[in-house]
Amino acid sequence: MDKHLLLPGLLLSLPMITAWTAFNCLVTKGSHLPLVSRYVQLCRLDSSLRLFASCSSVTNLTQVLKAVPQSVEGLCLSGSISVLPPDAFSHFPGLKILGLNLHFTQLLPGALQGLEQLQQLTFINSHMDFLYLPPDAFGNLSSLQRLTFLGPCLYGSLGVRLPPSLQQLAVTYSCLQNVGVLADIFPDLVLGSSSGDAWSLDTLDLSFNKRLNMTSPGALQGLQLRTLHLDHTNTDAAAVVGLGLQRLDALSAKKTDTAELPVRVIAHFGLQELHLGLTQIRRIAPEALASCHSLKSLDLKSNHPIHLPPGFLAAMPRLQTLKLRINQLQISRLCMNGTGAESGLRALDLSNNGLYTMPSDTFSCLPHLRELLLQGNQLFDLDSQVFQGLRRLETLDLSGNPLVALDKGWLASLPALTTLNLLDTRMALSSTWDFWGPERLNNLRLGLVSGPPRMLSLPMGLASLELHAVSGTKPWKLVTNVFPVLQTLTLKGWGLQLGVQNVSKIFPALHQLSLSGNSLEALCSQDTSRFFLWQLPGLKQLQVRGDGHSLRPCCITGLPSLWELKLHNLQSRARPRPLRLEELVGQLPMLQVLQLEQTGLETLSAAAFQGLCNLQILVLGWEKGLVLDASLQEHSPQMPQYMYFLTSSLACQCANAWVGPWLERSPRTYVHITTRQLCQTEAGDHSKRLLFPFLWSHCPKTLGLELFLGSSALLLLLISLPFLQEARNWILYLRTLFRAWLQGLRGQRSEGKRFVYDVFVSHCRQDQGWVVQELLPTLEGCPPAGWGLRVCLPERDFEPGKDVADNLADSMVGSQITLCVLSRQALCTPRCRLELRLATSLLLAAPYLPALLLVFLEPISRHQLPHYHRLALLLRRGDYHMWPREDERKADFWAWLGRRLGQSG
């Protein structure tokens, strides 16, 4: 193929270039990270990244990086190397996130050269490993914002300069004992460095340094900090005053030796945020509150038992967020200030405090409260006046309380409520019990208790609804006939009485549906071939999580707008049975993302993708003993662009022998299979070998050496034929024809030959607009609008880096029909003339009968056609057609093309 034509095609089809297989590396788009993030734990993930790669078991850095695309913006490496060499990542100028868990002990000068766009850099080592940094290690990282050392011991690294762009520095799980040493390592942190200006950081994280102490006065003299993290250290928060910090807005000292509120720190810095969860604080002295007026957020989680003095909230007029969960708190003291003063508090967390009751004036001083969390307490009932005055409350969580009953109209005092959680309660709802009062309520989570079937009245304005039904619950009937704006519905267990016919009328705007427990069973037909009953034309996302008791699969089909489907834990634990993918999914023409985990899937074949013509991503997790049917080879042009086999194993069967070679040459589909697929050599033998080499050496192969010898005579004959008029194309022509002949012989020996493509389309660049706008939508489009054919376009489907002759021969011989789009420009293009001559020659020389169709976009003189007389003899009158300019005649053209495609083969 003309190289000048090939390059634009590659640039326009970037996803095809990035779709390949790199062993030991997982490569994905940033938008796919939520699907695979459970299996990538090294780097801070960012879904805005265009391309991300994570490689494991790295021992040869240079070799691994050759398999990684240079366009990646996020890269995580784990393994073991001794030294990070100079210019290690110079081929990745667009890198923004880099994580290194390589256990190297030395970073050579220039190792990070060329990473001017790098924003986040993470080093992960064992806490026993020393890491030596040169002074200019980060000198060229002009965009670096976050630098993290998780584990390595930095002793011995002195005078390391930090880039001015740095905002966050973390040294955690290390051997750091003295904060003063940190200033020796990074002298820029201390006032009086070469610049003379105070350094400013958004965050300094020194958490999980178990031996850290604060005994060095002025260790961080002049440093300006937004947030300091000392979590899980043996320090006292009060010692922060002696560090010499010029500014500190927020302090987090969770699980430290802090025994009392650090009032000196609060007063000295005018602290705005303080997090003291899991400390030894048991009592807050009234006199200590005088220094707390600057606080806006206070977290005292798990300091039980803790006693709050009277006037606690009144002493902190700026406080907006207060977290007091798991404290065995005396809630009655919260608003006891003796003055009746109001608090500006907006978020209050009182969850898991063992509260049995709440007086009616519990929240009387909190008129500005927006969020109230009371989950996990022991509340049996609530005073009808307890929420009086909370007219701005938007979120209320009462889940996990043994509430028995609530009075009618109990929400009347909460007109601004938007989110209500009543899961895991014991409330016996009545048909007259409603949600009167909150006009803006749009997010409701509700538990349905067992008992006789009743009527359930719900607000019509809900946008999100989650219902949990306990085992044995008889279905409730909805009083509300329609939820016009409900977009998200979550059902755990089956507790609703809903008809199949009117479900789309009840939920006309439903976009996201989640089913868990046995709820899927109620939505499936009960005949032999079970399928999904609900007809929801607007549904876009469906997630099903089974309970491990389903004995028969249910096929998800008939959802025309569905673009994401997740199926989890559908395999019966008691009576597992192997499944084919087509038993789980059917006709889903718009589906782009399919994720399966523990479904019992065993066989993956081309038949499963017939109704999934737009599938882009397939993720398989925790599926064991998979067999990839050989039909997938021939279906590869229509395969998903990305396939992830995560913690899934392939069966040690010869049926999978083709997979290894296919992974190395699949140009269009990126496939990631968990590293080190193993195969047990013999029954009773506990030794294991790598799967693909074992199958390649033990399974029968058809090596066609005789094909080469038999075709030699044919090659001599073809050389003597006067096919070529342009001398500069004769070598390429003969190579391509010879390759096509060899491929044809192989196909003849295969019983029941099946083609990779249905149609090979030959055209020039000037006619590409007609091909893309007129021809492809009909040929490739999903029925009924299109014909659903597998089309090969040279610029799009040729394998990058593969020999031109091999690409052309493989594609034409692997196509059932060759369709040449002819115009005057096409006949002046060497590539199109070559393809037309080759197709004509194959009509004579091929061992099987191919098909050749011609489409003329404009009238062309027969003298302009190469070998017109031979074409006239070989082609029937019905093998060519003129593209009409008049719209009323185009129907005849499509009818002709449809008949010819249907008669071929």
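Residues numbered from 1 in each chain as written. Predicted model: local features only at pLDDT ≥ 70, side-chain atom pairs only at ≥ 80, totals over all residues. Heavy atoms only, no water.

Q: If you had to explain the overall build of the protein to someone new, which residues and values would you point to?
A: Counting its secondary structure elements, the protein contains 20 helices and 41 strands. Expressed as a percentage of the 905 residues in the protein, the buried residues total 53%. Sequence-distant contacts in the protein: of pairs separated by 6 or more residues, those separated by 24 or more amount to 59%. Total accessible area computed for the protein in this model is approximately 40,000 Å², and 52% of it derives from carbon and sulfur atoms. (Helix = DSSP H or I, 4+ residues; strand = E, 2+ residues; numbered from the N terminus. Buried < 20%, exposed > 50% of the residue type's maximum accessible area, 1.4 Å probe, protein only. Contact = heavy atoms within 4.5 Å. Areas by Shrake-Rupley, 256 points an atom, 1.4 Å probe, with all protein chains shown as cover.)

Q: Describe a nonpolar patch on the surface, listing the residues and the values that go with them.
A: Taken together, Y356, F380 and V404 make up a surface patch of nonpolar side chains, about 320 Å² in accessible area. On the basis of relative accessible area, F380 is assigned to the partly exposed category, the value being 39%. (Patch = residues over 30% accessible without salt bridge, like charges linked within 9 Å, V, L, I, M, F, W, Y side chains within 5 Å. Salt bridge = Lys/Arg side-chain N within 4 Å of Asp/Glu carboxyl O.)

Q: How would you sum up the sheet that holds strand β41 (residues 880–882)? Please name residues and give values.
A: A sheet is described by the order of its strands in space; here five strands give the open sequence β38-β37-β39-β40-β41, paired in parallel fashion. Of all strands in the sheet, those with a lone pairing partner are β38 (791–792) and β41, marking the two edges. Sheet topology places strand β37 (residues 757–762) next to strand β39 (residues 815–822); five bridges connect them, and they run parallel. Within β39, the position partnered with S762 by the bridge is C820. (Pairing = 2+ DSSP bridges.)

Q: Just give me the short version of the pairing of strand β12 (residues 247–252), but keep the residues and values in it.
A: Summarising burial for β12: five of the six residues are buried, a large majority. Judged from the five bridges that link them, strand β11 (residues 224–229) and β12 form a sheet pairing that is parallel. Residue H229 lies in a different strand from β12, and its bridge partner there is S252. Pairing of β12 with strand β13 (residues 273–275), which is carried by three bridges, proceeds in the parallel orientation. Among the inter-strand pairings, A250 is bridged to a residue of β13, identified as E273. In this fold, the crossover linking β12 to β13 by way of helix α6 (residues 263–269) has right-handed handedness. (Right-handed = clockwise from strand over helix to strand, strands pointing away.)

Q: Break down the packing of aromatic side chains for me, with residues and values.
A: Summed over the entire model, instances satisfying the criterion amount to 19 aromatic pairs. Taking the centre distance of 5.8 Å and the plane angle of 20° together, the rings of F483 and F507 count as stacked. In this pair, F483 is assigned in the loop between β23 (477–478) and β24 (488–492) and F507 in the loop between α7 (503–506) and β25 (512–516), connecting sequence segments 24 residues apart. Judged on exposure class, the residue F483 and its partner F507 are both buried. Aromatic side chains Y642 and Y644 sit 6.3 Å apart centroid to centroid with 10° between the ring planes, which places their arrangement in the stacked category. With a relative accessible area of 1%, Y642 lands in the buried category. The class for Y644 is buried, based on a relative accessible area of 1%. (Phe/Tyr/Trp six-rings, centres within 6.5 Å; stacked < 30°, edge-to-face > 60°.)

Q: Got a sec to walk through the environment of Q487? Specific residues and values, please.
A: Here Q487 shows up in the loop between β23 and β24. The exposure class assigned to Q487 is partly exposed, which follows from its relative accessible area of 41%. A C-alpha to C-alpha distance of 8.0 Å links Q487 and F507, two positions 20 residues apart in sequence.

Q: Describe the nonpolar core, naming the residues involved and giving the relevant values.
A: Nonpolar side chains tend toward joint burial in soluble globular proteins. Of all hydrophobic cores here, the largest spans 217 residues; its most connected members are F89 and W534. For this core, the leading source of residues is strand β33 (residues 642–646), giving five residues. Contact partners of F89, with chain neighbours within four places excluded, come to L65, L75, L77, L84, L98, L100, A111, L112, Q113 and L115. Membership of the second largest hydrophobic core comes to 23 residues, among which are L775, L779, L789 and V821. (Core = buried A, V, L, I, M, F, W, Y, C linked by side-chain atoms within 4.5 Å.)

Q: So what's going on with the sheet that holds strand β32 (residues 627–628)? Which residues, and what values?
A: Pairing is parallel in the open sheet, where three strands are placed in the order β28-β30-β32. A single partner strand is all that each edge strand has here, and the edge strands are β28 (579–580) and β32. By the bridge criterion, two bridges tie β28 to strand β30 (residues 601–604) in an arrangement that is parallel. By the bridge assignment for β30, L579 is matched with L601.

Q: Break down the confidence of the model for the protein for me, with residues and values.
A: Per-residue confidence for the protein gives a mean pLDDT of 81; residues scoring 70 or more make up 82%. Note that pLDDT drops below 50 for residues 1–20; the model gives that stretch 47 contacts with residues more than four away or on any other chain. Low confidence marks residues 721–728, where pLDDT is under 50. Its contacts with residues over four positions away, or in another chain, come to 17 contacts. (pLDDT = per-residue confidence, 0-100.)

Q: So, the side chain of N401: which residues are in play, and what are the values?
A: Within the secondary structure, N401 is located in the loop between β18 (395–397) and β19 (419–422). Side-chain polar atoms of N401 contact the backbone oxygen of L374, separated by 3.0 Å. A polar contact of 3.4 Å, which involves the side chain of N401, links it to the backbone nitrogen of Q378. Ignoring sequence-local partners within four residues, the contact set of N401 consists of L374, Q375, G376, N377, Q378, L379, D424, T425 and R426. (Polar contact = N/O pair within 3.5 Å; in protein donor to acceptor, adjacent residues only side chain to side chain.)

Q: Provide a residue-level description of the environment of S525, including the pertinent values.
A: If you trace the backbone, S525 turns up in the loop between α8 (519–522) and β26 (541–545). Residues S525 and C555, spaced 30 residues apart in sequence, show a C-alpha to C-alpha distance of 9.6 Å. Filtering out sequence-adjacent residues up to four positions away, S525 remains in contact with R530, F531 and L533.

Q: Any chance you could break down the state of the cysteines for me, citing the residues and the numbers?
A: Inspection of every chain in the model, using the stated rule, returns seven disulfides. C25 shares a disulfide with C55; S-S distance 2.0 Å. Taking the sign of the S-S torsion, about 110° here, the bridge from C25 to C55 comes out right-handed. With a gap of 30 residues between them, C25 in strand β1 (residues 25–28) and C55 in strand β2 (residues 52–58) connect regions that are remote in the sequence. Both residues of the pair, C25 and C55, count as buried. (Disulfide = S-S within 2.5 Å.)

Q: Describe the pattern of salt bridges, listing the residues and the values that go with them.
A: Per the counting criterion, the structure on display carries 14 salt bridges. One salt bridge connects E582 with R580, and the closest N-O pair in it is separated by 3.4 Å. The salt bridge involving D879 is made with R900; its shortest N-O contact spans 2.6 Å. Pair noted here: D879 is in the loop between α19 (868–874) and β41 and R900 is in helix α20 (residues 890–903), with a separation of 21 residues, a long-range link. In this structure R900 comes out as buried when scored by relative accessible area, which is 9%. Several salt bridges share partner residues, and in doing so they unite R580, E582 and E583 into one network.

Q: Can you tell me about helix α11 (residues 691–698), naming the residues and giving the values?
A: Those residues of α11 that fall on the buried side of the exposure criterion are L691, F692, F694 and L695. Projection of α11 onto a plane perpendicular to its axis shows the buried side chains occupying an angular sector of 160°, all on one side. (Arc of directions from axis to C-beta.)

Q: Residue-level account of helix α14 (residues 768–780), with values.
A: Counted at 1.5 Å a residue, the expected span for α14 with its 13 residues is 18 Å, but the 16 Å between its end C-alpha atoms falls short. Along its length, α14 shows its largest kink, about 35°, at E774, and proline P777 lies within four residues downstream of that point. Within the span of α14, buried status applies to W770, V771, L775, L776, T778 and L779. (Expected span 1.5 Å × (residues − 1). Bend = angle between axes of the 7 residues up to and from the residue.)

Q: Describe the side chain of D205, listing the residues and the values that go with them.
A: Along the chain, D205 falls in strand β10 (residues 200–205). An unpaired buried charge is present at D205: no salt bridge exists, and R146, the closest side chain of opposite charge, is 5.7 Å distant. Only 2.7 Å separates the side chain of D205 from the side chain of S207, close enough to count as a polar contact. Other than its neighbours up to four places away in sequence, D205 contacts L169, A170, V171, T172 and H229. (Lys, Arg positive; Asp, Glu negative; His and termini not counted.)

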